[in-house]
Amino acid sequence: MAKKDPWIIGSALFALVTGVVLYAANLQFGELNQDEGWYLYSGQQVADGRLPYRDFAFTQAPLTPLVYSLAAPLVDRFGVAGGRIFTIFLGYLSALGAGLLAMRLVPVRWRSAAAVTAFALIVCNVYQSYFTTVVKTYALCGFFLTAGLLVLSYCRAGKVSVILSGILCALAAGTRISAGIVLPVIVIHLWFFRKDVSRAAWFWFGLGGGLGLAAVFVPFFIMAPEGTLFGVAQYHSLRSAGNVGQILTYKAGFISRSVQAYFVTISTLIALIGWRLLVKSESFREDPMRAPARFVGLLWAVIISVSVVHFSAPFPYEDYQVVIFPLLAAATASLLIRTVGGTHGVISSKVSAAVVALVLLSTAAGFSSPINQQWFSMGRDRIWWRLKETSDLQKLRVVGQWLKSQTTEGDLLLTQDTYLAVEAGLRVPEGLEMGPFSYFGEWETGRASAMHVVNREMLKDKLLTSDAEFAAFSGYGLSITCPQVEEVPDEEQQDLWDALLSRYRVVSEIPDFGQGHTTLRILKKVEGD
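This is a predicted model, so every value here is computed, not measured. (Residues numbered from 1 in each chain as written. Predicted model: local features only at pLDDT ≥ 70, side-chain atom pairs only at ≥ 80, totals over all residues. Heavy atoms only, no water.)

A. Seen up close, the overall build of the chain. Within the chain, the regular secondary structure consists of 23 helices and eight strands. For the chain, the C-alpha radius of gyration of 25 Å lies close to 24 Å, the compact-globule estimate for 529 residues. In terms of overall dimensions, the chain has a C-alpha envelope of 85 × 55 × 45 Å along the principal axes. Here the chain holds 529 residues, and 56% of them are scored as buried. Pairs at least 24 residues apart make up 72% of the contacts formed inside the chain by residues separated by at least 6 positions. Carbon and sulfur atoms make up 62% of the accessible area of the chain, which totals about 22,800 Å². Placing the 43 positive and 40 negative side-chain charges of the chain at their respective mean positions leaves the two points 16 Å apart. (Helix = DSSP H or I, 4+ residues; strand = E, 2+ residues; numbered from the N terminus. Rg over C-alpha atoms; globule rule 2.2 N^0.38 Å. Buried < 20%, exposed > 50% of the residue type's maximum accessible area, 1.4 Å probe, protein only. Contact = heavy atoms within 4.5 Å. Areas by Shrake-Rupley, 256 points an atom, 1.4 Å probe, with all protein chains shown as cover. Lys, Arg positive; Asp, Glu negative; His and termini not counted. Charge placed at Lys NZ, Arg CZ, Asp CG, Glu CD.)

Quick look at the structure:
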């Protein structure tokens, strides 16, 4: 048995501790995001027996609310923090899966070095840590994708592993539809290289993927065909990025911010590719404990294809890349170890030094990101830093506890700040489950009602007739119209506020609240109304 390298073990422990620190900091100090509210609320709705598309609007593939319904007890006990804890668990599973995948891409003698490197690139990245702490679809989708590729790396073990891989990749698509591109990419790869793997592998993977997609989507298309089609596909195609100049600006921003977010990994990858192009690489004999030789190419095909889908979106947000970063980390780690390792029979000092250096670089980058600054600061006012008196999450807790003390569990809260309702254990009126993205001001009433959202007439009616004792609106409330996700015209905003203030009076204003640090107004129904 090969002697264990103390530098590799030390790097693993160091990365583990660093990851725990970053996740703990993002749990408590990470900025709030409006998506956290309606994702968690959708999970609670499923736990209560309601389903997306059929009973409430949801503009992602359906698995997130189904899986997050399992976190309902945590959310009931700890509020938004409970949802974040569940998300961190999924994020850590993805990091561990990426480490195991990296092990499959290198000879046995280097597997611990590859695993530690991949794991460290993920958990020591504060950007990845933040976006797998706040409640979004990324951690869950990333877990399914990583697990699917990890299982597929054992495709020589038989058709069961290939079928299971197809199911897991289908579940990734059932979480974020952009991950669906992975399925045809893998089928084509397995068919093209069927002589190297198994002649029927493409069929078994396709079978597993097809069964998984059918299990996820067919029931919803049967129950609510219009709502499912709109939530999964149409909603995302109705936004326009504007003219050519604006489109190019968004695309350039996507690339720039992605490189910034994953600078250590991407710069390492560029350096390795350059080195291997300029210097003749060592050739490696096939190792029976490794994944098939063609698998590395497949991994890169998956990474590139999903990235292209994200890049092609009308508004490409760089945080979409969170779902595939575990795969990128595994691929980069294996490339580093194979490049540095040469043909040594044991872990060489070069490999140990490379692992230690990358772990330290990742940690340094992890504690020098703009995200760290956002834990304690709201930016600058001219030359002065605007420091937070308390974390965004703690401020949400305080307001939530106050509302909880004034109401009975399960009461209505008239709000579009859904994370406040989640924190207070309250319900929102039907049609407002998606918070600020529930308002489709220009839609006809019949269409809005069928999609479980509200138009101008319906929202105004809720403001004028709601039974809720309290209302709460931040700067995100009554200000965003969908599906364009544009600001509501001033006149229309004023009309909605006039309707609200005709029945409610402001009892408290909380500055610098929630996402964007806008002012939250808490209102109480006028007595006798």
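B. A look at the packing of helix 22 (residues 456-465) against helix 23 (residues 490-501). Relative orientation of the contacting elements helix 22 and helix 23 amounts to 25 degrees, with a least axis distance of 8 Å. Judged on the interaxial angle alone, helix 23 and helix 22 are roughly parallel. For the pair helix 22 and helix 23, the crossing hand works out as right-handed. Residues R456, L459, K460, L463 and L464 of helix 22 form the contact with helix 23, whose own contacting residues are E492, D495, L496, A499 and L500. A class-by-class count of the residues in the contact of helix 22 with helix 23 yields six nonpolar, no polar and four charged. (Axes fitted to C-alpha atoms, helices over the stretch in contact; angles between N-to-C directions. Parallel < 35°, antiparallel > 145°, perpendicular 65-115°, else oblique. Left-handed = near helix turned anticlockwise from the far one by under 90°. Nonpolar A, V, L, I, M, F, W, Y, C, P; charged D, E, K, R; others polar.)

C. Structural detail: the pattern of salt bridges. If you walk through the whole model with that rule in mind, you get 13 salt bridges. With its nearest N and O atoms 2.9 Å apart, the salt bridge here joins R84 to E36. With a gap of 48 residues between them, R84 in helix 5 (residues 80-104) and E36 in helix 2 (residues 34-47) connect regions that are remote in the sequence. Its salt-bridge partner being R386, residue D512 comes within 2.9 Å of it at the nearest N-O pair. Of this pair, D512 sits in strand 7 (residues 504-513) while R386 sits in strand 2 (residues 384-387), and the two are 126 residues apart along the sequence. Connected via shared salt-bridge partners are E31, K388 and D392. (Salt bridge = Lys/Arg side-chain N within 4 Å of Asp/Glu carboxyl O.)

D. The packing of aromatic side chains, seen in detail. All chains considered together, the criterion is met by 30 aromatic pairs. For the pair F230 and W443, a centre-to-centre distance of 5.2 Å together with 65 degrees between the ring planes defines the contact as edge-to-face. Of this pair, F230 sits in helix 12 (residues 225-237) while W443 sits in the loop between helix 20 (418-424) and helix 21 (445-450), and the two are 213 residues apart along the sequence. As far as the burial class goes, F230 and W443 line up, both buried. A centroid spacing of 4.2 Å and a plane angle of 20 degrees characterise the contact between Y262 and F325, whose relative ring orientation is stacked. With Y262 in the loop between helix 13 (244-261) and helix 14 (263-278) and F325 in helix 16 (residues 325-341), the pair connects residues that are 63 residues apart, well separated along the chain. As far as the burial class goes, Y262 and F325 line up, both buried. Positioned above the aromatic ring of W191 is the side chain of R194, whose terminal nitrogen or guanidinium carbon lies 4.3 Å from the ring centre. The lysine or arginine in question, R447, covers the ring of W443, its NZ or CZ lying 3.9 Å from the ring centre. (Phe/Tyr/Trp six-rings, centres within 6.5 Å; stacked < 30°, edge-to-face > 60°. Lys NZ or Arg CZ within 6 Å of the ring centre and 35° of its normal.)

E. Inspection of the sheet that holds strand 4 (residues 470-473) at higher detail. Within the open sheet, the four strands sit side by side as 3-4-8-7. Their pairing is mixed. Each edge of the open sheet carries a strand with a single partner, namely strand 3 (413-415) and strand 7. Geometrically, the sheet is characterised by an average inter-axis angle of 20 degrees between neighbouring strands, direction not taken into account. Relative to strand 4, strand 3 is paired through three bridges, and the arrangement is parallel. What sits directly across from L413, in strand 4, is F470. (Pairing = 2+ DSSP bridges.)

F. Spatial organisation of unusual backbone geometry. The residue after C482, namely P483, is reached through a cis peptide bond having omega 5 degrees. Mapping P483 onto the fold places it in the loop between strand 5 (480-481) and strand 6 (486-487). Positive phi is not limited to glycine here, since R382 has a value of about 60 degrees. Topologically, R382 is positioned in the loop between strand 1 (377-381) and strand 2. The phi torsion at H452 lies on the positive side, around 65 degrees, for a residue other than glycine. Here H452 lies in the loop between helix 21 and helix 22.

G. Layout of a nonpolar patch on the surface. Together, W191, F192, W202, F203, L207 and L211 give the surface a local cluster of nonpolar side chains, amounting to about 610 Å² of exposed area. Residue assignment for the nonpolar patch shows that the elements contributing at least two residues are helix 10 (182-192) and helix 11 (201-223). It is helix 11 that provides the largest number of residues to the nonpolar patch, a total of four residues. (Patch = residues over 30% accessible without salt bridge, like charges linked within 9 Å, V, L, I, M, F, W, Y side chains within 5 Å.)

Spatial relationships are all this shows, so hold off on functional conclusions.
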